[in-house]
Amino acid sequence: MTNLSRSLDIARLPVAAKTAAMIIGGSLALAVSAKVQVPFWPVPVTMQSMVVLLIGYSFGSRIGAATVLAYLAEGLAGLPVFAGALAGPAYLMGPTGGFLLGFVPAAWFAGWVARDVRGLFPTSLAMIAGHVLLFVPGVVWLAVSLGWTKAIAVGVTPFLLATLLKSGLAAALVSAFQTKAR
């Protein structure tokens, strides 16, 4: 091992530095995934929910949730990390605020199930369940102003196919890495 590769060896970093690097890298991945958009109504379809679940699954429940909280804090502070052009407290109070808050339990759940779930089908079910956890606060948030029927009509129904596809893609990625790790 050369001196350069020894100095870049992440295994030698203190735990706090590794955790900080994971959180910063994960929040950056979330910001990038927010900008990968398919125009849609009422909000664009992004890759955020898939990345949230992959972060939780990869980092574990505590660091995964902390990563999402860091991402939300960045947006709350005004950094342009969300899907829209705006950031700050007003963005979190908008129609997507509940879904953004739902990222936290979704990441935590994905990290929690990662300890025991293996294989494409069980991992797909876990990713779908993580998406459900993400949708619940989002629909409740919308229902306050729109009512339940309209909240489900605009906040869930249009996104079902994309959610299933993102869950399947996330499960395929996880399963591929699990197979490589063996």
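Basis of the calculations
- Residues numbered from 1 in each chain as written.
- Predicted model: local features only at pLDDT ≥ 70, side-chain atom pairs only at ≥ 80, totals over all residues.
- Heavy atoms only, no water.
- Patch = residues over 30% accessible without salt bridge, like charges linked within 9 Å, V, L, I, M, F, W, Y side chains within 5 Å.
- Areas by Shrake-Rupley, 256 points an atom, 1.4 Å probe, with all protein chains shown as cover.
- Salt bridge = Lys/Arg side-chain N within 4 Å of Asp/Glu carboxyl O.
- Helix = DSSP H or I, 4+ residues; strand = E, 2+ residues; numbered from the N terminus.
- Buried < 20%, exposed > 50% of the residue type's maximum accessible area, 1.4 Å probe, protein only.
- Core = buried A, V, L, I, M, F, W, Y, C linked by side-chain atoms within 4.5 Å.
- Phe/Tyr/Trp six-rings, centres within 6.5 Å; stacked < 30°, edge-to-face > 60°.
- Contact = heavy atoms within 4.5 Å.
- Axes fitted to C-alpha atoms, helices over the stretch in contact; angles between N-to-C directions.
- Parallel < 35°, antiparallel > 145°, perpendicular 65-115°, else oblique.
- Left-handed = near helix turned anticlockwise from the far one by under 90°.
- Nonpolar A, V, L, I, M, F, W, Y, C, P; charged D, E, K, R; others polar.

On the surface, a nonpolar cluster with roughly 850 Å² of combined accessible area is contributed by Phe121, Leu125, Ile128, Val132, Val136, Val140, Trp148, Ile152 and Leu164. Those elements giving two or more residues to the nonpolar patch turn out to be helix 7 (120–146) and helix 8 (148–155). At 6 residues, helix 7 tops the list of elements feeding residues into the nonpolar patch. Within the secondary structure, Val140 is located in helix 7. Judged by its relative accessible area of 38%, Val140 falls in the partly exposed class.

Membership of the largest hydrophobic core comes to 46 residues, with the highest contact counts inside it found for Tyr57, Val68, Tyr71, Leu72, Phe82 and Leu100. Among the secondary structure elements, those contributing two or more residues to this core are helix 2 (15–35), helix 3 (48–59), helix 4 (61–76), helix 5 (89–92), helix 6 (97–113), helix 7, helix 8 and helix 9 (160–181). In terms of residue count, helix 6 provides more of this core than any other element does, 9 residues in total.

Moving on to the packing of aromatic side chains. This model, assessed by the stated rule, comprises 5 aromatic pairs. Ring centres of Phe82 and Tyr91 lie 4.9 Å apart, and the angle between their planes is 10°; on these two criteria the pair is classed as stacked. Just as Phe82 is buried, Tyr91 falls in that class too. The interplanar angle of 10° and the centroid separation of 6.0 Å between the aromatic rings of Trp108 and Trp112 together place this pair among those described as stacked. Taken together, the positions of Trp108 and Trp112, both in helix 6 and 4 residues apart, correspond to about one turn of that helix. Residue classification places Trp108 among the partly exposed positions, given a relative accessible area of 40%. Put simply, the rings of Tyr71, Phe82 and Tyr91 pair up and form one aromatic cluster.

This part covers the environment of Leu146. Summarising the element assignment, Leu146 is placed in helix 7. On a C-alpha basis, the gap between Leu146 and Pro95 in space is 10.0 Å, while along the polypeptide they are 51 residues apart. The residues contacting Leu146, other than those within four sequence positions of it, are Ala151 and Val154.

Attention shifts here to the packing of helix 3 against helix 4. Two quantities define a packed helix pair, namely the angle between the axes and the distance from one axis to the other. Between helix 3 and helix 4, the shortest axis-to-axis distance is 6 Å and the interhelical angle comes to 140°. Taken together, the axes of helix 3 and helix 4 are oblique relative to one another. Of the two possible hands of crossing, helix 3 and helix 4 adopt the one that is right-handed. Across the interface between the two elements, Gln48, Val52, Ile55, Gly56 and Phe59 from helix 3 touch Ser61, Ile63, Gly64, Thr67, Val68 and Tyr71 from helix 4. Taken together, the residues that form the contact of helix 3 with helix 4 break down as 6 nonpolar, 5 polar and no charged.

Moving on to the side chain of Ser167. The topology assignment puts Ser167 in helix 9. Looking at Ser167, the relative accessible area reads 0%, which means it is buried. Look past the residues within four positions of Ser167 in its chain and what remains in contact with it is Ser124, Met127, Ile128 and His131.

Relative orientation of the contacting elements helix 3 and helix 6 amounts to 40°, with a least axis distance of 7 Å. For the element pair helix 3 / helix 6, the angle class is oblique. In this structure, helix 3 crosses over helix 6, and the sense of that crossing is right-handed. Packed against helix 3, whose contacting residues are Gln48, Val52, Leu53, Gly56 and Tyr57, the element helix 6 presents Leu100, Phe103, Ala106, Ala107, Ala110, Gly111 and Val113 at the interface.

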